[in-house]
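Read off the chains here:
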Amino acid sequence: MFDWRWDFTFEILPRLLWATMNTLLAAGIGYGIALVLGLVLALAQRTPYWPLTLIVREFVEFIRSTPLVLQIFFVFYVGPQFGIRLDPWTSGMIAIGLHYAAYLSEVYRAGLDSIPKGQWEACRALNLSARRTYFRIIIPQALPASLPGMGNYLVGIFKDTPMLSVIGVAELMHTANALGSETYRFLEPYTMVGVIFLAISLPTAAGLRFFEAWVRRTLGMSK
Amino acid sequence: MSEHTYPNKLEPGSPMVRFSNVTKRYGPLVVLDSLDLDVAPNEMVSIIGPSGSGKTTVLRMLMTLETIDDGVIYVDGEPLTHMERNGDLVKANASHLRKMRGNIGMVFQHFNLFPHMTALQNCMEAPVQVLGLSKDEAEQRSVELLDLVGLADKKDQHPSRLSGGQQQRVAIARALAMRPKVMLLDEVTSALDPEVIGEVLNVIRKLNSEHSLTMLMVTHQMGFAKEISDRVCFFYGGNIAEQGPPDQIFGNPKNERTRQFLSAVLEAT
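About the criteria used
- Residues numbered from 1 in each chain as written.
- Chains lettered and ligands numbered in written order.
- Predicted model: local features only at pLDDT ≥ 70, side-chain atom pairs only at ≥ 80, totals over all residues.
- Helix = DSSP H or I, 4+ residues; strand = E, 2+ residues; numbered from the N terminus.
- Buried ≥ 20, exposed ≤ 12 C-beta atoms within 10 Å, placed from the backbone.
- Contact = placed C-beta atoms within 7 Å.
- pLDDT = per-residue confidence, 0-100.
- Nonpolar A, V, L, I, M, F, W, Y, C, P; charged D, E, K, R; others polar.
- Pairing = 2+ DSSP bridges.
- Axes fitted to C-alpha atoms, helices over the stretch in contact; angles between N-to-C directions.
- Expected span 1.5 Å × (residues − 1).
- Right-handed = clockwise from strand over helix to strand, strands pointing away.

1. Thoughts on the overall build of chain A
Looking only at helices and strands, chain A has eight helices and zero strands in total. Secondary structure elements in chain A, listed N-terminal to C-terminal, are α-α-α-α-α-α-α-α. Viewed in the frame of its principal axes, chain A has a C-alpha envelope of about 70 × 50 × 25 Å. A burial count over chain A gives 32% of its 223 residues as buried. The contacts in chain A between residues at least 6 apart in sequence include a share of 75% that link residues at least 24 apart.

Structural data, given as structure tokens:
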């Protein structure tokens, strides 16, 4: 019953590894979008203009309360009805980037809220502009507190890239599915997908912890 | 505004700081009630009084950390809280506040140093980012000031490696690096251990005697206020209940409230 075939495993490995590149690329681009857009969403909730705060707040809640796979379908299949025709990669990156931006904005928000009022007052007293206050004083201090959350979502976005297979992005899961339907063997492709994900996730999580410690040291804020 | 008239500019030779009929409310609570206070150039004014008397609010309004509800504050002859538009005084906008804020420096009770920067970087930050000094100029200025507060050898330490007294001295150097005309000291020794209060007070003595700075100091150090001040203002209930030279306030207070406050404070020490 349990017939694992090594020769088949090695035969499909190159295609799986090639697809892993796409998975990493998707996770990397998606995370890059999320990092930047998440900061925009977090800062937009801190302006004195309350309508903007309200709109962004609701938008973030909306994104966080609906499934990622629905958002992917929406961008890819509903977009064309409004004349927005995007290829699977672009649609996928927009959807997953936006989705994780919403989550990251909450991580940033918590980090920004953790900065004592006295830091803002010192910036005001020294006449630092709002931009410099954020980018030179507040964000560098909020970073150490935000890093664990940011790291979780890096691993999270990586593990969510298989959802992109539903619109035909040729990442790892999509390739495993294709191999399965070509050969009618699913055991080896899916097992290898799991192994590859583990082999990347575990060292990444460990690396992130080292990175956190390094950032704290560099900022002179080690505990 | 009330029936008061507020000039668009003060005459030359006028005070460095003028509070004219300034009122501050938090909801129904009146924190400052029609305050009038003039501070002459290079004058050292101590503000004492019970908590809730509005003394810290005076400094926070000058630093533009708080808005005011009525009246006008002038700094160096120009309105701070307001600006001139078509011959009238209107509420100051952000750029006017920014311009005026450059005249004022503040040292806080809890230091508020930037923890991710060294002592030197703390001092250099605003001169480089706000005044546009080159890194070299800012560093030279900052090292001089750290030397003035006796911490040149600690310039590459982060605040977490410094004692409270050292942190507060760095904070003083940081404020001085912006070359303010008016320096605000808000209970600068209240968060310090007793054994390091002296080193901070020594720095303030030095500033007062060697630098031309107008200083407003909110303090609970009565002995120090008596020694260093040109004038002492006793705040009670959102206004100045009594003011005068330190000998008069501490030696022969006229106001019953002042007497009560001082005897309570002196009893505690």
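2. Remarks on the confidence of the model for chain B
Mean pLDDT over chain B works out to 93, with 99% of the residues at or above the 70 mark. For this predicted complex, the interface confidence reaches an ipTM of 0.93, while the overall pTM sits at 0.87.

3. Looking at the interface of chain A and chain B
On the side of chain B, 21 residues touch chain A, which itself brings 17 residues to the contact. Mapped onto the side of chain A that touches chain B, the elements with two or more residues apiece are α5 (117-125) and α6 (130-160) of chain A. A total of six residues in the side of chain A that touches chain B trace back to one element, the largest contributor, which is α5 of chain A. Broken down by class, the residue content of the side of chain A that touches chain B amounts to eight nonpolar, five polar and four charged.

4. Looking at the sheet that holds strand β9 (residues 182-186) of chain B
Strand pairing within a sheet occurs via backbone hydrogen bonds; the two strands may be parallel or antiparallel. All names here are of chain B. Strand order in the open sheet formed by six strands is β8-β9-β10-β3-β11-β12, with mixed pairing between adjacent strands. Single-partner strands in this sheet number two, and they are β8 (104-107) and β12 (239-244). Geometrically, the sheet is characterised by an average inter-axis angle of 20° between neighbouring strands, direction not taken into account. Strand direction decides the pairing type here: strand β11 (residues 231-236) and β12, joined by five bridges, are antiparallel.

5. Topic: the sheet that holds strand β2 (residues 29-39) of chain B
All names here are of chain B. An order of β2-β1-β4-β5 is seen for the four strands of this open sheet, with the pairing classed as antiparallel. Edge positions in the sheet fall to β2 and β5 (78-79), since each of these pairs with one other strand and no more. In this structure, strand β1 (residues 17-26) lies alongside β2, joined through seven bridges in antiparallel fashion. From the neighbouring strand, Val17 faces β2, where its bridge partner is Val39.

6. Points about helix α8 (residues 187-218) of chain A
Residue and element names in this part refer to chain A. Compared with the 46 Å implied by 1.5 Å per residue over 32 residues, the 46 Å span of α8 between its first and last C-alpha is a close match. Every buried residue of α8 is listed here: Glu188, Pro189 and Val193. Packed against the buried residues of α8 are α1 (6-44) and α7 (172-183). Positive phi appears at Gly220, one or two residues downstream of α8, with a value of about 65°.

7. Some words on the pairing of strand β10 (residues 214-218) of chain B
Residues and elements named next belong to chain B. In terms of burial, β10 is largely enclosed, as five of its five residues are buried. Here β10 shows no split at all, with Thr214, Leu216 and Val218 on one side and Met215 and Met217 on the other all buried. With four bridges joining them, strand β3 (residues 44-48) and β10 adopt parallel strand pairing. Bridge pairing in β10 places Ile47 opposite Val218. Taken together, the five bridges between β9 and β10 define a ladder with parallel strand orientation. What sits directly across from Leu185, in β10, is Met217. Traced from β9 through helix α6 (residues 194-210) to β10, the parallel crossover comes out right-handed.

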